[in-house]
Amino acid sequence: IDGELVRKAAANARQAGVADRVEFFERDIFATDISRATVVTTYLLSGLLDRMRPKLLAELRPGTRVVAHEFAIPGWEPDRHVNISKDIYLWIVPARVGGRWELAARLPEGERRYEFELAQANQRIKGGARVTGGYLPFFDAQLAGDRISFVIVEGDRSHHYRGRVAAGVMEGDVVTGVGRVEVRSTWRATRQDK
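Since this is a predicted model, take the numbers as computed values, not measurements.

> Outline the pattern of salt bridges, listing residues and values.
Under the defined criterion, the tally for this structure stands at 16 salt bridges. The salt bridge involving R112 is made with E154; its shortest N-O contact spans 2.3 Å. A residue pair is termed long-range when its members are at least 10 positions apart, and R112 in strand β6 (residues 110-121) and E154 in strand β9 (residues 147-154) qualify at 42 residues. Given the relative accessible area of 21%, E154 is considered partly exposed. The salt bridge involving D173 is made with R184; its shortest N-O contact spans 2.7 Å. Within this pair, whereas D173 is found in strand β11 (residues 169-176), its partner R184 is found in strand β12 (residues 183-191), the two being separated by 11 residues in sequence. One salt-bridge network, in which partners are shared between bridges, spans R162, D173, E182 and R184.

> Describe the sheet that holds strand β2 (residues 65-69), and please don't skip the residues or the numbers.
Reading across from one edge, β1-β2-β4-β3 is the order of the four strands in this open sheet, with mixed pairing throughout. The open sheet has two edge strands, β1 (39-42) and β3 (80-83), and neither has a second partner. For this sheet, the mean inter-axis angle between neighbouring strands, taken without regard to orientation, is 15°. Pairing between β2 and strand β4 (residues 87-92): five bridges, direction antiparallel. Across the sheet, the residue bridging to V67 is L90, located in β4.

> Please give an account of helix α1 (residues 3-16) that cites residues and values.
For α1, spanning 14 residues, the distance from its first C-alpha to its last is 20 Å, which sits close to the expected 20 Å at 1.5 Å a residue. Residues of α1 that are buried: G3, V6 and A13. Along the axis of α1, the buried positions cluster into a sector of 80°, meaning they face one direction only. Pointing more than 90 degrees away from the buried face of α1 are the exposed residues L5, Q15 and A16. Between the side-chain oxygen at the start of α1 and the backbone nitrogen of E4 there is a gap of 3.0 Å, and the oxygen is on D2.

> An account of the sheet that holds β11 is requested, with residue identities and associated values reported.
Read around the closed barrel, the eight strands follow the order β5-β6-β7-β8-β9-β10-β11-β12; overall the barrel is antiparallel. Averaged over all neighbouring strand pairs, the angle between strand axes comes to 30°, with direction disregarded.

> How would you explain unusual backbone geometry if you had to name every residue and give the values?
Backbone geometry places E70, a non-glycine residue, at a positive phi of 75°. Along the chain, E70 turns up in the loop between β2 and β3. Judged by relative accessible area, E70 falls into the partly exposed class, the value being 25%. At N122, a position not held by glycine, the phi torsion is positive, near 60°. Its place among the elements puts N122 in the loop between β6 and β7 (124-131).

Quick notes on the rules
- Residues numbered from 1 in each chain as written.
- Predicted model: local features only at pLDDT ≥ 70, side-chain atom pairs only at ≥ 80, totals over all residues.
- Heavy atoms only, no water.
- Salt bridge = Lys/Arg side-chain N within 4 Å of Asp/Glu carboxyl O.
- Helix = DSSP H or I, 4+ residues; strand = E, 2+ residues; numbered from the N terminus.
- Buried < 20%, exposed > 50% of the residue type's maximum accessible area, 1.4 Å probe, protein only.
- Pairing = 2+ DSSP bridges.
- Axes fitted to C-alpha atoms, helices over the stretch in contact; angles between N-to-C directions.
- Expected span 1.5 Å × (residues − 1).
- Arc of directions from axis to C-beta.
- Polar contact = N/O pair within 3.5 Å; in protein donor to acceptor, adjacent residues only side chain to side chain.

In C-alpha cells:
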C-alpha cells in the first residue's frame, strides 16, 4: 500500500540479484490475481488474514506456502509454528479432496475396489471406505499440498497408500506388509461427486 516501499523492495531485489524471481506491486490484494504465486508472505493483523483465507485457499495451487509473521490466520491451523523472538507460521495450501471417491488398487490378493468418502477441514482429512458388510476407517490420513497418504486395515493386513492429487484423480503406490514380505503396487482413485 506504500509506493515508496514497493520501489525500495524492487531496488533491494535487484541489489541482491533476485529481481528475476520476485515482483512487488502497489495493489488491492482482494482485486489481485494471486494464482501464480508459489510463496505468499504476510505481516497483517488477524482480521485481515481472516478475510484473506478464502482467497488464499481458492486461488493458490496446492503446495503453495503461506508464511505469516506474528499473526496467525484464524480458522486455519498452521502446518508449522515457530517462535524466534516473534511468531512465524507456515501453511501449505491443500488440494481439495473432500467428497466421494472410487479407488482401484492392485493388492497382493488381487484387484480391490473401494468407494470412500473424505471429510476435509483445510489440510486435515478423515474418512473411510464402504465395503460389503461394513466400513474401513482410514488411519493416519494426511494431506500436505497435493500429497495424500492413509492406511486401510483389512483383516490382518495393513495397506499403506501414498499418492498425489490432481484434477479429480489421486494416484500413487500402496505398500502391503513389512520388511522382506513387503509388496508394493499401484492405486488410482477418481472423484465421484463432480
